[in-house]
Amino acid sequence: METFDDFTISKQLQYAIADLGYEKPTPIQVEAFPVIRSGRDVVGIAQTGTGKTFAYMLPILQDLKFSKEIHPRVLILVPTRELAIQTTEEIEKFGKYLNIRVQAIYGGVNMNMQKQMVVQGTDIIVATPGRLYDLVLSRALQLKNIKKLVIDEVDIMLDLGFRFQLTNLFELIPVKRQHILFSATMTEEVDTLIQQFFRNAETITIAVSGTPLANIEQRTYSVPNFYTKVNLLRHLLVDESMEKVLIFVANKRNTDRVYSELESDFMGDIAVIHSNKSQNYRIRAIDNFNAGSVRILVSTDIMSRGLDLDKISHVINMDTPRFAENYMHRIGRTGRAEQEGHAILFYTDREVSFKEDIEALMGMKIPELPFPESVEISKRLLPSEEPVDPNAVDDRQIERNPTKNAGFHEKSLKNQKINLGGSYKRKIEKKYKKPKTRGDKNYNKRNKK
Ligand code: AMP
């Protein structure tokens, strides 16, 4: 097994590793180190929790020489402000014994402060694309010295609609730069970006495997509807052994619904985050959750993806993700390192097929627990759960959506405008056993060793 002693790293970095208590490198760290140091473009497919931040920072810090230059030499782009703050804090820890300057740049706060900071000179910028672009346009910041460009959580970045800003930024950075990209999944959009800007990139894959960590205990409950799920959730949360609970909800509206239903029961002990909440609110919620003063955090998938939420005891899935990989991402937030984690999945009749997809991916059935008798079955339904009067609709609609009890406003899966991402591509690949798109062909070529 590899240890950090097998890496050629400075004493200063070794001390920092010792302080952080990292005993051995994670697989992505082992794989990324020589490739990033070689100066080649790198595409890393790895999710949060794999140690990917350190995987790209360790070789970068090893090779970053002390400098008094004003203009930064390393640029790290991240999708959210929270991730910008968090990554900056991590880099400060890694570089504790190095004389390096790192600066976070993100929107939603006064730009003048950030301007004043960058004109004093910095080595590493960790930024969200929009604010960075504004700063560059204001001439407070120049990117002409950038030698290494890291784009982290690129799938989320593209999901949030940052493609345009990314392309604009690429135009401003010298062409002779090393690209380092990290994404949890390989989607068509990510692939297009790589094709457009990367040269002969080496791909390192720490795939979202269908094998969940052995130290995550998974359980499931069959629940008739959303508000009964809320009742069950309330019942489970009363148990104080659920020390730090992350609750995933499919969309912002339902996230707010869960929060407002439980707010009075767990006053001061529960917080909510999604992209409509103000930045200050989100930062406070995450800080409180990390510090342990808030025990329960209700979140959408995207919001919690980039965050370093450590030591989560329980992940509760209020809905069953349509894409099995999302389930793997969600439950991966608990049971990190050697700690035991617990993942609980609620599913309704309509979600059975999604649950089966997840179980097929993992090659195991999730043990089901009996629905607790003391939990009230709610008669209240979400608009999307209302039964449909078959007389009120025409045959065409019935044909389009034959699912029992399904609301007609819920489109069939293939008609939904959602990013089907890598998992859909893989399904097609599996079905046809050969690439179906140009992008795929290139992807296969690139991955040929
Ligand atoms: P990341 O995937 O970058 O979000 O990292 C997830 C967590 O793993 C962070 O809290 C890191 O501090 C931690 N971590 C990173 N590398 C190691 C390592 N080699 N050993 C133990 N923990 C690590």
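As shown above, the structure is provided for reference.
None of the values given here were measured: they were computed from a predicted structure. (Residues numbered from 1 in each chain as written. Predicted model: local features only at pLDDT ≥ 70, side-chain atom pairs only at ≥ 80, totals over all residues. Heavy atoms only, no water.)

J.: So what's going on with the packing of aromatic side chains? Residues and values would help.
T.: Pairs of aromatic rings are described using the distance from one ring centre to the other and the angle between the two planes. Enumeration over the complete set of coordinates arrives at 10 aromatic pairs. Note on Phe-4 and Phe-7: the rings are 5.7 Å apart at their centroids and 80° apart in plane angle, and the pair reads as edge-to-face. Relative to Phe-346, the ring of Tyr-221 lies with its centre 6.0 Å away and its plane at 75°, an arrangement referred to as edge-to-face. Separated by 125 residues along the polypeptide, Tyr-221 in strand β8 (residues 216–222) and Phe-346 in strand β13 (residues 341–347) bring together distant segments of the chain. As far as the burial class goes, Tyr-221 and Phe-346 line up, both buried. An aromatic cluster of three or more residues is present, and its members are Phe-4, Phe-7, Tyr-22, Phe-33, Phe-54 and Phe-94. Here Lys-244 stacks its cationic end above the ring of Phe-289, 5.4 Å away from the centre of that ring. Here the basic side chain of Arg-380 rests over the ring of Tyr-227, its NZ or CZ set 3.8 Å away from the ring centre. (Phe/Tyr/Trp six-rings, centres within 6.5 Å; stacked < 30°, edge-to-face > 60°. Helix = DSSP H or I, 4+ residues; strand = E, 2+ residues; numbered from the N terminus. Buried < 20%, exposed > 50% of the residue type's maximum accessible area, 1.4 Å probe, protein only. Lys NZ or Arg CZ within 6 Å of the ring centre and 35° of its normal.)

J.: Outline the environment of Thr-334, listing residues and values.
T.: Turning to its location among the elements, Thr-334 is positioned in the loop between α14 (324–331) and β13. With a relative accessible area of 1%, Thr-334 lands in the buried category. It is 9.1 Å that separates the C-alpha atoms of Thr-334 and Val-245, two residues lying 89 residues apart in sequence. For Thr-334, the side chain forms a polar contact with the main-chain oxygen of Ile-312, separated by 2.7 Å. (Polar contact = N/O pair within 3.5 Å; in protein donor to acceptor, adjacent residues only side chain to side chain.)

J.: Residue-level account of the sheet that holds strand β3 (residues 102–105), with values.
T.: Spatially, seven strands are ordered β3-β4-β2-β5-β6-β1-β7 in an open sheet, and the strand pairing comes out parallel. The outermost strands of the open sheet, each flanked by one partner alone, are β3 and β7 (202–205). With direction set aside, neighbouring strand axes in the sheet form an average angle of 15°. Relative to strand β5 (residues 148–151), strand β2 (residues 74–77) runs parallel, the two being bridged by four bridges. Bridging across to β5, Leu-75 finds its partner in Leu-149. Those strands touched by helix α4 (residues 81–94) are β2, β3 and β4 (124–127), and its axis lies near 175° from that of β3. (Pairing = 2+ DSSP bridges. Axes fitted to C-alpha atoms, helices over the stretch in contact; angles between N-to-C directions. Contact = heavy atoms within 4.5 Å.)

J.: An account of the pattern of salt bridges is requested, with residue identities and associated values reported.
T.: As enumerated under the stated definition, the model contains 16 salt bridges in all. Here Arg-37 ties to Asp-63 by a salt bridge, and the two come within 2.8 Å at their closest N and O atoms. Taken as a pair, Arg-37 in helix α2 (residues 27–38) and Asp-63 in helix α3 (residues 52–63) lie far apart in primary sequence, 26 residues in all. For Arg-37, a relative accessible area of 33% puts it in the partly exposed group. The closest approach of N and O atoms between Glu-261 and Arg-380, which form a salt bridge, is 3.3 Å. Taken together, the positions of Glu-261 in helix α11 (residues 252–262) and Arg-380 in the loop between α15 (352–362) and α16 (395–400) put the pair 119 residues apart, joining distant regions of the chain. (Salt bridge = Lys/Arg side-chain N within 4 Å of Asp/Glu carboxyl O.)

J.: Before we move on, can you summarise the site of the ligand with the specific residues and values?
T.: Close contacts around the ligand come from 16 residues, with Tyr-22, Gln-29, Gly-49, Gly-51 and Thr-53 the closest. A distance of 3.1 Å is found between an oxygen atom of the ligand and a backbone nitrogen or oxygen belonging to Thr-50. Look at the ligand: alone it shows 500 Å² of surface, and the protein chains cover 82% of it. Looking at the shell around the ligand residue by residue, the class counts come to three nonpolar, seven polar and six charged. There are two domains that each give the shell around the ligand at least three residues, and those are domain 1 (4–205) and domain 2 (216–380). (Near = heavy atom within 4 Å. Areas by Shrake-Rupley, 256 points an atom, 1.4 Å probe, with all protein chains shown as cover. Nonpolar A, V, L, I, M, F, W, Y, C, P; charged D, E, K, R; others polar. Domains from an automatic or database assignment.)

J.: I'd like a description of the nonpolar core, backed by residues and values.
T.: Judged by nonpolar contacts, the single largest core of 38 residues is most densely connected at Tyr-56, Met-57, Leu-58, Ile-76 and Ile-124. In terms of residues, this core owes the most to one element, α3, which gives seven residues. Once you skip the residues sitting within four places of it in the chain, Ile-124 turns out to touch Met-57, Leu-61, Leu-64, Val-74, Ile-76, Ile-91, Ile-100, Arg-101, Val-102 and Gln-103. Counting residues in each nonpolar core, the second largest holds 33 residues, with Val-43, Ile-45, Ala-127 and Leu-132 among its members. (Core = buried A, V, L, I, M, F, W, Y, C linked by side-chain atoms within 4.5 Å.)

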